[in-house]
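Residues per chain are reported as follows:
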Amino acid sequence: MDINKIRNDFPILHRTVYDKPLIYLDNTATTQKPRCVVEKIAEEYYNVNANIHRGVHFLSRQATEAHEKARRTVQEFLNAGKPEEIIFTRGTTESINLIASCFTYECMSPGDEVIISAMEHHSNIVPWQIQAVRHNIVIKVIPVNETGELDMEAFKEMFSAKTRLVSVTHISNVLGTINPVGEIIDIAHGHDVPVLIDGAQAVAHLKVDVRALDADFYAFSGHKIYGPTGIGILYGKETWLDRMPPYQGGGEMIASVSFEKTTFNDLPFKFEAGTPDYIGSTALAVALEYVNGIGIAEIAGYENGLLRYASEQLKTIEGLRIYGESPHKSGVISFLVKNIHHYDMGMLLDRLGIAVRTGHHCAEPLMRTFGIEGTVRASFAFYNTKDEIDALVAGIRKVSNMF
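Read on for a plain summary of the structure. Just so it is clear, the structure is predicted and the values come from calculations on it, not from any experiment.

What counts, and where the lines are drawn
Residues numbered from 1 in each chain as written. Predicted model: local features only at pLDDT ≥ 70, side-chain atom pairs only at ≥ 80, totals over all residues. Heavy atoms only, no water. Pairing = 2+ DSSP bridges. Helix = DSSP H or I, 4+ residues; strand = E, 2+ residues; numbered from the N terminus. Axes fitted to C-alpha atoms, helices over the stretch in contact; angles between N-to-C directions. Contact = heavy atoms within 4.5 Å. Salt bridge = Lys/Arg side-chain N within 4 Å of Asp/Glu carboxyl O. Buried < 20%, exposed > 50% of the residue type's maximum accessible area, 1.4 Å probe, protein only. Expected span 1.5 Å × (residues − 1). Arc of directions from axis to C-beta. Parallel < 35°, antiparallel > 145°, perpendicular 65-115°, else oblique. Left-handed = near helix turned anticlockwise from the far one by under 90°. Nonpolar A, V, L, I, M, F, W, Y, C, P; charged D, E, K, R; others polar. Core = buried A, V, L, I, M, F, W, Y, C linked by side-chain atoms within 4.5 Å.

Attention now moves to the sheet that holds strand S13 (residues 320-323). Note on sheets: strands pair through backbone hydrogen bonds, and any given pair is parallel or antiparallel. Taken in spatial order, the four strands line up as S13-S14-S17-S16 in an open sheet, and their pairing is antiparallel. Two strands bound the open sheet, and with one partner strand each, they are S13 and strand S16 (357-359). Neighbouring strand axes in the sheet, compared pairwise and without regard to direction, differ in orientation by 30° on average. The pairing of S13 with strand S14 (residues 332-337) spans four bridges and is antiparallel. Bridge pairing links Leu320 to Val337 in S14. Sitting on the sheet, helix H11 (residues 296-314) is in contact with S13 and S14, with an inclination near 10° to S14. Sheet strands touched by helix H12 (residues 342-351): S14, S16 and strand S17 (375-379). Its angle to S16, the strand with the most contacts, is close to 160°.

As structure tokens, this is what we get:
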């Protein structure tokens, strides 16, 4: 990869913070956007802005075509079987809430069980807790061991005649652990149980093939893969999506409405109430094409090199502890240094122009597993460099010496 060319595609990387060059290491929270994505948003608003699907005029038809072309781009990116299996949402959180609401309503009864894991983001915990209150379902939690990996033996023993769904993250946003989702799906399917995969942290770093995985549902957010905020994807097997009721009502999700009865539209529109983010969908497609242009394999190889280098350099710092040391890991490092509070470390690194994330990272139960309140988290993308990692290490040393 030509790292200089890539970095030139991201204008924000050339700005300064507190009169210092920006070093952006908060990619797990959101990625920066290449120029082509931002330009696509402006182009669509300036030239093709019209509500889609229901208009007969030129602009509406042009916008509709671009939106549905974007759906096919996502289908190809995930290797889904049909474009109808791609649902546009506002992000991973809404995708998981959609499944939690619709699947629980249609496919679960009081006392039925959903299996999640101890490393889940709150977005894959709270929706199930809401359904537990509403429908009296039971949540089971796969334990995490000291290296930050799922206890697969415990997982195998969790299934019962009441288990209806498994919902787990592909990559932990805290630990960086790449979970064996293929094995998880195989085990669950052996019990005739479908699986939802939270792919928010995976799609920008791994090749995701939903048919090879045999995933029943897969969710991700555009802003995690160099696309705009407010747009996301839910992939679902057609058989499951057909079976579930709509999530929201109004707009394109209807076939016919009367005061006596409403009939619903076919897939994928049944789950896309109201005016969709047709600008966001076309910009997301550009982001996916940009990633494909570089190559997921090339991105993964480069980022794995950054992860190895950063891990080696950080371990030379006295008193630094890394949380999550699975050999199967993506470009995320969560750490603490001596007894320095993670917030203090993050604030002082910020004054050096280094953007990292601090806190519980929307994973409070995982923090309790490790007996801590939070961590400092550095996360990498293909536009980061070893020089930036050197600056991070030097910054941590400087802050550490202050305490």
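Back to the write-up after that little detour.
Evaluation of the coordinates by the stated rule reveals 17 salt bridges. A salt bridge links Glu238 to Lys82, with the nearest nitrogen and oxygen atoms 2.7 Å apart. Remark: Lys82 occurs in the loop between helix H3 (58-78) and strand S4 (86-89) and Glu238 occurs in helix H9 (residues 238-243); sequence separation between them is 156 residues. A residue is classified by how much of its surface remains accessible, and Glu238, at 25% relative accessible area, is partly exposed. On the basis of relative accessible area, Lys82 is assigned to the partly exposed category, the value being 36%. The partner of Glu94 in a salt bridge is Arg90, with the nearest N and O atoms 3.2 Å apart. Each of Asp26, Arg357 and Arg377 takes part in a single network of salt bridges with overlapping partners.

The topology assignment puts Gly55 in the loop between helix H2 (35-47) and H3. The exposure class of Gly55 is partly exposed, given its relative accessible area of 23%. Each C-alpha atom of the pair Gly55 and Leu366 lies 48 Å from the other, and the pair is 311 residues apart in sequence. Not counting residues up to four positions away in its chain, the partners in contact with Gly55 are Ser60 and Arg61.

Once that is clear, we can look at the environment of Pro246. Mapped onto the elements, Pro246 comes out in the loop between H9 and strand S11 (254-257). Counting along the chain gives 27 residues from Pro246 to Ala273, while the straight-line C-alpha distance between them is 8.7 Å. In this structure, Pro246 is in contact with Cys102, Met253, Phe264, Lys270 and Phe271, ignoring residues within four places of it in sequence.

Glancing now at helix H14 (residues 386-402). It helps to recall that an α-helix has 3.6 residues per turn; residues three or four apart then point in one direction. Taking 1.5 Å of rise per residue, 17 residues should cover 24 Å, and H14 covers 24 Å from first to last C-alpha, within 8% of that figure. Among the residues of H14, those classed as buried are Glu388, Ile389, Leu392, Val393, Gly395, Ile396, Val399 and Ser400. Viewed along the axis of H14, the buried residues span an arc of 160°, placing them on a single side of the element. Every exposed residue of H14 that faces more than 90 degrees away from the buried side is listed here: Asp387, Asn401 and Met402.

For the pair H2 and helix H10 (residues 278-294), interaxial distance at closest approach is 9 Å and the crossing angle is 150°. Classified by the interaxial angle, the pair formed by H2 and H10 is roughly antiparallel. The handedness of the crossing between H2 and H10 is right-handed. Residue-level contacts link Cys36, Val37, Lys40, Ile41, Glu44 and Tyr45 of H2 to Ile279, Thr282, Ala283, Val286, Ala287 and Tyr290 of H10. Its residues placed into classes, the contact of H2 with H10 shows nine nonpolar, one polar and two charged.

Val74, Leu78, Phe155, Val166, Tyr218, Ile225 and Tyr226 are the most contacted members of the largest nonpolar core, which totals 67 residues. The greatest single-element share of this core, amounting to six residues, is contributed by H10. Once residues lying within four places of it in the same chain are set aside, the contact partners of Val166 are Ile115, Phe155, Phe159, Ile184, Ala188, Val193, Pro194, Val195 and Leu196.

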